[in-house]
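# Survey of secondary and tertiary structure
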Amino acid sequence: MFSKIFYGWWIVLACFFIGFLVSGVNFYGFTAFFEPLVREFGWSHTQVSFASSLRGMEMGILAPLIGVLADRFGSRKLMLAGVIFVGAALVLLSVVQSLAGFYVAMILLAFGAGGCTSVVTMTAVSQWFRKHIGKALALMTSGFGASGLMLPLIVALIDDYGWRTAVVVLGAIIWIIGIPLALVIRDSPEKYGLTPDGLPAAKGMTANVSSHEAAPKKSYRNILKDRPFLYLNLAEAIRFMALTSVVVHIMPHLSLIGIPRTRAGFIAASIPILSIIGRFIFGWLGDLFNKRHMTVVAFLMMALGMLALSFIERPGMLWLFLLFFPSGFGGIAVLRATILREYYDKRIFGSMMGLMMGFAATGGIIGPTFTGWIFDISHDYHYVWLGFCGLLVFSVIFVLNFRPPPAKSMGQVPT
């Protein structure tokens, strides 16, 4: 039975669990370490938040390079190196004694996570799918959403054994599970006599490469001049600014309004978990309807969620936040990749995702530290969440101006 399953779905499954592990520790799990670090070292919210911004700076520099490396050398090698490096960085983090050492460990952690980030996993999956790309990416990126399940585990490890022991345990888990998963990855179906989606060659695919991918590649310089690509990147930077700020500060915010740490951990965990709903719904809708219109809906859902977060102490607002915000950002995470896969040659998909992640990283650099700075000044998160709500609404303008360029110049395939 298993031999009849198209191997691309095994790639999706492996990337799902790699994203689950690395994202759970490196991205969504960071908020669980926030208060223990403040208590032990006496650092301010701005100082701790800056570690997340340093991680964003690292990714901003690395993401375009990683995209090029994924196109040139394949995702398998990058993911294998990434999981090994993440585990080592977590062990190093357990022995830090100063703010500078903390920053260095976080940068190294980001460096390793770069090999397992969505740039690499989406590149791996995009090589194996065309017709079902939305569904495949929705399933794969759900691993990032499901990684929220790790938050209660991380909180329990920290509370029971201390944050230093917790990072060592997490590093060992990354090694034991992540390394075998990385070995499952294969870089191209054509190398194994297969075609994207597992379709017979007679259905418009040659044994080696599709007619679309056989067309000349558009140069990176020309792509960077494309107004639609610029608009998409600006919208993504705003999305990531809001997302990283919420992910880093959600537990401190919930504690501020009197929610116990254990319950706050479950609420924080539910954000990525509930994003799975948006990933599947918008992945499916993106295969059926105009991707630009679906992206607008997703951005507006994020904005509504941020509005609810700014009044979260009021009855019902927590549920509205969890209804709209996770589904919105989860949907965009899938739609941005399906848009790139539709309009650009798959041979440069990794490079395009890398460039987009580099743009997004600017939002990740600014957002958490700016939010921490506002809190240190005002001791309140209310106005910064309202500000992000406004920015997300404004980003809809960029999405609405994203028009598909002529098929001739972009190598677009009619759908």
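Because the structure is a prediction, the values reported are computed rather than measured. Residue positions are given per chain, counted from 1 along the sequence in the order it is written. Owing to the predicted nature of the model, reporting of local features is limited to residues with pLDDT of at least 70; listing and counting of side-chain atom pairs is limited to 80 or more, with chain, interface and lining totals taken over all residues. Side-chain metrics in this entry use all non-hydrogen atoms of the structure; hydrogen atoms and water are not considered.

### Points about the pattern of salt bridges
Just to be clear on terms, a salt bridge is a Lys or Arg side-chain nitrogen sitting within 4 Å of an Asp or Glu carboxyl oxygen. What the rule picks out here adds up to five salt bridges. Taking the shortest distance from any N to any O, the salt bridge between Glu236 and Arg336 comes out at 2.7 Å. With Glu236 in helix 12 (residues 227-256) and Arg336 in helix 15 (residues 317-343), the pair connects residues that are 100 residues apart, well separated along the chain. Per residue, the accessibility class of Glu236 equals that of Arg336, and both read buried. Sharing partners across several salt bridges, the network here consists of Glu35, Asp159 and Arg261. Numbered from the N terminus, helices here are DSSP runs of H or I no shorter than four residues, and strands are runs of E no shorter than two. Note on exposure labels: buried denotes an accessible area under 20% of the residue type's maximum, exposed denotes more than 50%, and partly exposed covers the range between, all computed with a 1.4 Å probe on protein chains only.

### Comments concerning empty space enclosed by the protein
The way it works is a 1 Å grid over only the protein atoms, where trapped points that fit a 1.4 Å probe form a cavity and open points with protein on both sides within 12 Å along at least five of seven lines form a pocket, and then any residue with an atom within 4 Å of a point lines it. Grid points are joined across faces, edges and corners, and a volume is the space filled by probe spheres set on the points. Under the defined criterion, the tally for this structure stands at four cavities of 30 Å³ or more. Of the volumes computed, that of the second largest cavity is approximately 100 Å³. Taken together, Val25, Asn26, Phe30, Phe33, Leu37, Leu90, Leu93, Phe102, Met106, Leu109, Trp163 and Val167 form the lining of the second largest cavity. Of all the secondary structure elements, the ones that give two or more residues to the lining of the second largest cavity are helix 1 (7-28), helix 2 (30-41), helix 4 (75-93), helix 5 (99-113) and helix 9 (163-182). Charged residues are taken to be Asp, Glu, Lys and Arg, nonpolar residues to be Ala, Val, Leu, Ile, Met, Phe, Trp, Tyr, Cys and Pro, and polar residues to be all remaining types, Gly included. Partitioning the lining of the second largest cavity into residue classes produces eleven nonpolar, one polar and no charged.

### Observations regarding the packing of aromatic side chains
Pairing of aromatic side chains requires ring centres within 6.5 Å, counting the rings of Phe and Tyr and the six-membered ring of Trp. Pairs whose planes differ by under 30 degrees are stacked, by over 60 edge-to-face, and all others tilted. Summed over all chains, the structure comprises 20 aromatic pairs. Measuring from centroid to centroid gives 5.8 Å for Tyr7 and Trp128, while their planes differ by 50 degrees, and the two rings are tilted. Within this pair, whereas Tyr7 is found in helix 1, its partner Trp128 is found in the loop between helix 6 (118-126) and helix 7 (133-146), the two being separated by 121 residues in sequence. By the ring-pair criterion, three or more aromatic residues cluster together here, those being Phe41, Trp43, Phe50, Phe102, Tyr103 and Trp163.

### Things to note about the nonpolar core
Put simply, a nonpolar core is a bunch of buried Ala, Val, Leu, Ile, Met, Phe, Trp, Tyr and Cys residues held in one set by side-chain atoms that sit within 4.5 Å of each other. Formed by 130 residues in total, the largest nonpolar core has its most connected members in Phe102, Val246, Met306 and Phe325. The element that contributes the greatest number of residues to this core is helix 12, accounting for 15 residues. Throughout, a contact is declared for two residues whenever any of their heavy atoms are within 4.5 Å. In contact with Met306, other than residues within four places in its own chain, are Val246, Phe325, Trp385, Phe388, Cys389 and Leu392.

### Considerations on a nonpolar patch on the surface
Candidates for patches are residues over 30% relative accessible area with no salt bridge; among them, like charges are joined within 9 Å and nonpolar side chains (Val, Leu, Ile, Met, Phe, Trp, Tyr) within 5 Å. Note on areas: Shrake-Rupley, 1.4 Å probe, and residue coverage restricted to the protein chains presented here. Taken together, the side chains of Ile84, Val91, Val168, Trp175, Ile176 and Ile177 present a nonpolar region at the surface, about 500 Å² in accessible area. Where the nonpolar patch is concerned, the elements lending two or more residues are helix 4 and helix 9. No other element matches the four residues that helix 9 contributes to the nonpolar patch. Within the secondary structure layout, Ile84 lies in helix 4. Classification of Ile84 as partly exposed rests on a relative accessible area of 40%.

### Concerning the packing of helix 2 against helix 12
For helices, the fitted axis covers only the stretch in contact; all axes are lines through C-alpha atoms, and the angles between them, taken along N-to-C directions, range from 0 to 180 degrees. Remark: helix 2 packs on helix 12, axes separated minimally by 7 Å, with the N-to-C direction vectors making an angle of 55 degrees. Between helix 2 and helix 12, the angle falls in the class oblique. Here helix 2 and helix 12 pass one another in a crossing that is right-handed. Contacts from Phe30, Thr31, Ala32, Phe34 and Glu35 of helix 2 reach helix 12 at Val247, Val248, His249, Ile250, Met251, Pro252 and Ser255. When grouped by side-chain class, the residues that make up the contact of helix 2 with helix 12 number eight nonpolar, three polar and one charged. To sort the angles, those under 35 degrees are grouped as roughly parallel, those over 145 as roughly antiparallel, those from 65 to 115 as roughly perpendicular, and the leftovers as oblique. Each crossing gets its handedness from the near helix: less than a right angle anticlockwise from the far helix is left-handed, clockwise is right-handed.

### Concerning unusual backbone geometry
If you check the backbone angles, His379 has positive phi at about 55 degrees while not being a glycine. One can find His379 in the loop between helix 16 (349-378) and helix 17 (382-400).

### Focus: the environment of Ile273
Within the fold, Ile273 resides in helix 13 (residues 261-288). Take Ile273: its relative accessible area is 26%, and that puts it in the partly exposed class. With 127 residues separating them along the chain, Ile273 and Ala146 place their C-alpha atoms 4.8 Å apart. With near-sequence residues (within four places) excluded, Ile273 lies in contact with Gly145, Ala146, Gly148 and Leu149.

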